[in-house]
Amino acid sequence: MTIRKTDTVWFSPVRVYKHLDRLTKKVGAEAIEKESKFKTVREIRLAAIVALLIYKRTNNPAYVQICRDDPPDAYIMQESKSVTGQLDITTLEVSTFIGNTSETFLDQLKRKAPSTFHKYSDEYVLVYELKTYNGVDFNEAREYLNNVKAPFPVWTLLGKKVNGDTIAEFTTINPVTYSSEVNIGEAAFQFDSLGIPDV
(Lines give C-alpha, C1' and ligand atoms only; values in the text may rest on other atoms or scores of the structure.)
Protein backbone atom coordinates (compact mmCIF):
# COMPACT_ATOMS: atom_id res chain seq x y z
CA MET A 1 0.00 0.00 0.00
CA THR A 2 1.26 3.47 -0.89
CA ILE A 3 1.04 6.19 1.76
CA ARG A 4 -0.84 9.05 0.16
CA LYS A 5 0.75 12.47 0.60
CA THR A 6 -2.40 14.53 1.00
CA ASP A 7 -2.67 18.10 2.25
CA THR A 8 -4.79 19.05 5.24
CA VAL A 9 -7.29 21.19 3.30
CA TRP A 10 -10.03 19.59 1.22
CA PHE A 11 -12.40 21.56 -1.01
CA SER A 12 -16.07 20.99 -1.61
CA PRO A 13 -16.97 20.44 -5.28
CA VAL A 14 -19.22 23.50 -5.02
CA ARG A 15 -16.29 25.69 -4.04
CA VAL A 16 -14.29 24.32 -6.96
CA TYR A 17 -17.11 25.35 -9.30
CA LYS A 18 -17.28 28.84 -7.79
CA HIS A 19 -13.56 29.32 -8.41
CA LEU A 20 -13.95 27.90 -11.91
CA ASP A 21 -16.82 30.29 -12.63
CA ARG A 22 -14.68 33.28 -11.62
CA LEU A 23 -11.75 32.05 -13.71
CA THR A 24 -14.01 31.45 -16.72
CA LYS A 25 -15.28 35.02 -16.54
CA LYS A 26 -11.70 36.25 -16.42
CA VAL A 27 -10.01 34.19 -19.16
CA GLY A 28 -12.90 32.65 -21.12
CA ALA A 29 -14.15 29.08 -21.45
CA GLU A 30 -12.18 28.41 -24.64
CA ALA A 31 -8.87 29.20 -22.97
CA ILE A 32 -9.62 26.81 -20.12
CA GLU A 33 -10.54 24.03 -22.55
CA LYS A 34 -7.60 24.44 -24.94
CA GLU A 35 -4.58 26.02 -23.24
CA SER A 36 -2.06 23.69 -21.63
CA LYS A 37 -1.52 26.00 -18.65
CA PHE A 38 -5.11 25.22 -17.55
CA LYS A 39 -4.60 21.43 -17.55
CA THR A 40 -4.75 21.35 -13.74
CA VAL A 41 -7.97 23.38 -13.81
CA ARG A 42 -9.56 20.84 -16.15
CA GLU A 43 -8.42 17.99 -13.90
CA ILE A 44 -9.82 19.51 -10.71
CA ARG A 45 -13.08 20.30 -12.51
CA LEU A 46 -13.45 16.65 -13.48
CA ALA A 47 -12.56 15.60 -9.94
CA ALA A 48 -15.30 17.91 -8.63
CA ILE A 49 -17.82 16.28 -10.97
CA VAL A 50 -16.73 12.83 -9.77
CA ALA A 51 -17.11 14.01 -6.16
CA LEU A 52 -20.69 15.13 -6.87
CA LEU A 53 -21.45 11.80 -8.58
CA ILE A 54 -20.09 9.86 -5.60
CA TYR A 55 -22.07 12.08 -3.23
CA LYS A 56 -25.29 11.37 -5.16
CA ARG A 57 -24.62 7.62 -5.25
CA THR A 58 -23.63 7.27 -1.58
CA ASN A 59 -25.50 10.16 0.06
CA ASN A 60 -22.17 10.99 1.72
CA PRO A 61 -20.43 14.34 1.01
CA ALA A 62 -17.21 14.02 -0.98
CA TYR A 63 -14.35 16.53 -1.12
CA VAL A 64 -11.54 17.05 -3.62
CA GLN A 65 -7.88 17.90 -3.50
CA ILE A 66 -5.46 18.53 -6.34
CA CYS A 67 -2.13 16.78 -5.97
CA ARG A 68 1.26 18.44 -5.78
CA ASP A 69 2.91 15.49 -7.56
CA ASP A 70 1.73 13.72 -10.71
CA PRO A 71 0.63 10.97 -10.56
CA PRO A 72 -1.99 11.14 -9.23
CA ASP A 73 -4.01 14.08 -10.53
CA ALA A 74 -6.44 14.40 -7.63
CA TYR A 75 -7.85 12.83 -4.49
CA ILE A 76 -11.46 12.45 -3.39
CA MET A 77 -12.24 12.05 0.29
CA GLN A 78 -15.34 10.95 2.20
CA GLU A 79 -15.88 10.24 5.86
CA SER A 80 -16.11 6.48 6.36
CA LYS A 81 -19.59 5.18 7.09
CA SER A 82 -18.23 2.01 8.65
CA VAL A 83 -15.28 3.23 10.76
CA THR A 84 -15.81 6.29 12.96
CA GLY A 85 -13.16 8.97 12.38
CA GLN A 86 -11.70 7.28 9.32
CA LEU A 87 -11.43 9.03 5.95
CA ASP A 88 -11.89 7.02 2.76
CA ILE A 89 -9.67 8.43 0.03
CA THR A 90 -9.93 7.65 -3.70
CA THR A 91 -6.92 8.36 -5.92
CA LEU A 92 -7.82 9.75 -9.35
CA GLU A 93 -5.86 9.81 -12.57
CA VAL A 94 -7.57 11.86 -15.27
CA SER A 95 -7.38 11.47 -19.03
CA THR A 96 -9.39 12.62 -22.05
CA PHE A 97 -10.73 10.88 -25.15
CA ILE A 98 -11.25 13.41 -27.94
CA GLY A 99 -12.54 11.01 -30.59
CA ASN A 100 -11.61 13.16 -33.57
CA THR A 101 -9.09 10.71 -35.08
CA SER A 102 -9.22 7.14 -36.33
CA GLU A 103 -8.06 5.97 -32.89
CA THR A 104 -10.88 4.35 -30.91
CA PHE A 105 -11.27 4.46 -27.15
CA LEU A 106 -10.04 0.86 -26.97
CA ASP A 107 -7.00 1.79 -29.09
CA GLN A 108 -6.17 4.57 -26.65
CA LEU A 109 -6.53 2.22 -23.68
CA LYS A 110 -4.19 -0.28 -25.33
CA ARG A 111 -1.67 2.39 -26.27
CA LYS A 112 -1.49 3.67 -22.71
CA ALA A 113 -1.89 0.32 -20.99
CA PRO A 114 1.73 -0.86 -20.44
CA SER A 115 2.92 2.31 -18.71
CA THR A 116 -0.44 2.88 -17.03
CA PHE A 117 -0.67 -0.59 -15.49
CA HIS A 118 2.90 -0.34 -14.24
CA LYS A 119 2.38 3.10 -12.73
CA TYR A 120 -1.01 2.75 -11.03
CA SER A 121 -2.07 0.45 -8.21
CA ASP A 122 -5.44 -0.91 -7.13
CA GLU A 123 -5.90 2.27 -5.08
CA TYR A 124 -6.40 4.26 -8.30
CA VAL A 125 -9.40 5.06 -10.44
CA LEU A 126 -8.64 6.04 -14.04
CA VAL A 127 -11.26 8.57 -15.17
CA TYR A 128 -11.71 9.48 -18.83
CA GLU A 129 -13.52 12.61 -19.87
CA LEU A 130 -15.27 11.71 -23.12
CA LYS A 131 -15.80 14.46 -25.66
CA THR A 132 -17.89 12.10 -27.79
CA TYR A 133 -19.20 8.54 -27.87
CA ASN A 134 -17.84 8.09 -31.40
CA GLY A 135 -15.28 5.31 -31.26
CA VAL A 136 -16.34 4.21 -27.78
CA ASP A 137 -17.47 0.63 -27.20
CA PHE A 138 -17.85 -0.11 -23.49
CA ASN A 139 -18.23 -3.86 -24.04
CA GLU A 140 -14.93 -4.05 -25.93
CA ALA A 141 -13.21 -1.93 -23.30
CA ARG A 142 -14.56 -4.05 -20.43
CA GLU A 143 -13.49 -7.28 -22.11
CA TYR A 144 -9.99 -5.93 -22.70
CA LEU A 145 -9.57 -4.53 -19.16
CA ASN A 146 -10.80 -7.75 -17.56
CA ASN A 147 -8.62 -9.91 -19.83
CA VAL A 148 -5.46 -8.01 -18.90
CA LYS A 149 -6.55 -7.97 -15.25
CA ALA A 150 -6.42 -4.21 -14.87
CA PRO A 151 -5.78 -3.59 -11.15
CA PHE A 152 -7.96 -0.47 -11.10
CA PRO A 153 -11.42 0.50 -12.35
CA VAL A 154 -11.85 2.74 -15.38
CA TRP A 155 -14.67 5.29 -15.36
CA THR A 156 -15.90 7.65 -18.06
CA LEU A 157 -17.78 10.93 -17.93
CA LEU A 158 -19.53 12.75 -20.74
CA GLY A 159 -21.27 16.06 -20.16
CA LYS A 160 -24.31 17.20 -22.13
CA LYS A 161 -26.90 19.93 -21.94
CA VAL A 162 -30.56 18.97 -21.48
CA ASN A 163 -33.08 21.81 -21.24
CA GLY A 164 -30.34 24.11 -20.00
CA ASP A 165 -29.13 21.68 -17.32
CA THR A 166 -25.71 20.03 -17.33
CA ILE A 167 -26.08 16.27 -17.20
CA ALA A 168 -23.10 14.01 -16.54
CA GLU A 169 -23.33 10.56 -18.06
CA PHE A 170 -21.20 8.34 -15.84
CA THR A 171 -20.04 4.82 -16.73
CA THR A 172 -18.04 2.33 -14.71
CA ILE A 173 -16.48 0.07 -17.33
CA ASN A 174 -14.81 -2.70 -15.34
CA PRO A 175 -15.09 -5.23 -13.90
CA VAL A 176 -18.84 -4.84 -14.59
CA THR A 177 -20.25 -2.07 -16.78
CA TYR A 178 -22.77 0.24 -15.17
CA SER A 179 -24.09 3.59 -16.43
CA SER A 180 -26.11 6.38 -14.84
CA GLU A 181 -26.90 10.07 -15.27
CA VAL A 182 -26.66 12.88 -12.73
CA ASN A 183 -27.90 16.47 -12.99
CA ILE A 184 -24.75 18.32 -11.90
CA GLY A 185 -26.47 21.60 -11.05
CA GLU A 186 -29.05 19.82 -8.92
CA ALA A 187 -26.37 17.77 -7.16
CA ALA A 188 -24.31 20.90 -6.46
CA PHE A 189 -27.37 22.70 -5.05
CA GLN A 190 -28.15 19.76 -2.76
CA PHE A 191 -24.53 19.56 -1.62
CA ASP A 192 -24.39 23.32 -0.95
CA SER A 193 -27.62 23.17 1.03
CA LEU A 194 -25.91 20.86 3.52
CA GLY A 195 -24.00 23.88 4.78
CA ILE A 196 -20.82 21.89 5.27
CA PRO A 197 -17.65 24.04 5.10
CA ASP A 198 -14.40 23.03 3.41
CA VAL A 199 -12.34 20.95 5.81
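Note: the structure precedes this text.
Attention in this report is confined to the structure presented alongside it. (Residues numbered from 1 in each chain as written. Predicted model: local features only at pLDDT ≥ 70, side-chain atom pairs only at ≥ 80, totals over all residues. Heavy atoms only, no water.)

Re the pattern of salt bridges
All told, the structure shown has 11 salt bridges when counted by the stated rule. Residues participating in the shared-partner salt-bridge network are Glu33, Arg45, Glu129 and Lys131. (Salt bridge = Lys/Arg side-chain N within 4 Å of Asp/Glu carboxyl O.)

Description of a negative patch on the surface
Together, Asp107, Asp137, Glu140 and Glu143 line one region of the surface with negative charge. Exposure remark for aspartate 107: the relative accessible area of 36% places this residue in the partly exposed category. (Patch = residues over 30% accessible without salt bridge, like charges linked within 9 Å, V, L, I, M, F, W, Y side chains within 5 Å. Areas by Shrake-Rupley, 256 points an atom, 1.4 Å probe, with all protein chains shown as cover. Lys, Arg positive; Asp, Glu negative; His and termini not counted. Charge placed at Lys NZ, Arg CZ, Asp CG, Glu CD. Buried < 20%, exposed > 50% of the residue type's maximum accessible area, 1.4 Å probe, protein only.)

A few points about the packing of helix α3 (residues 39-58) against helix α6 (residues 184-192)
Where α3 meets α6, the axes come as close as 10 Å, and the angle between the chain directions of the two elements is 70°. One element, α3, and the other, α6, form an angle in the roughly perpendicular class. Seen from α3, the contacting residues are Ile49, Leu52, Tyr55 and Lys56; seen from α6, they are Ile184, Glu186, Ala187, Ala188, Gln190 and Phe191. In terms of residue class, the contact of α3 with α6 is built from seven nonpolar, one polar and two charged. (Axes fitted to C-alpha atoms, helices over the stretch in contact; angles between N-to-C directions. Helix = DSSP H or I, 4+ residues; strand = E, 2+ residues; numbered from the N terminus. Parallel < 35°, antiparallel > 145°, perpendicular 65-115°, else oblique. Contact = heavy atoms within 4.5 Å. Nonpolar A, V, L, I, M, F, W, Y, C, P; charged D, E, K, R; others polar.)

Quick word on unusual backbone geometry
The amide bond that connects asparagine 174 to the next residue, proline 175, takes the cis arrangement and shows omega of 0°. Checked against the element boundaries, proline 175 lands in the loop between β6 (165-172) and β7 (178-183). Unusually for a residue other than glycine, asparagine 59 sits at a positive phi of about 55°. Along the chain, asparagine 59 turns up in the loop between α3 and β1 (62-66). The backbone of lysine 149 shows a phi angle near 55°, a positive value even though the residue is not glycine. Mapped onto the fold, lysine 149 is located in the loop between α5 (138-147) and β5 (154-162). Judged by relative accessible area, which is 67%, lysine 149 ranks as exposed.

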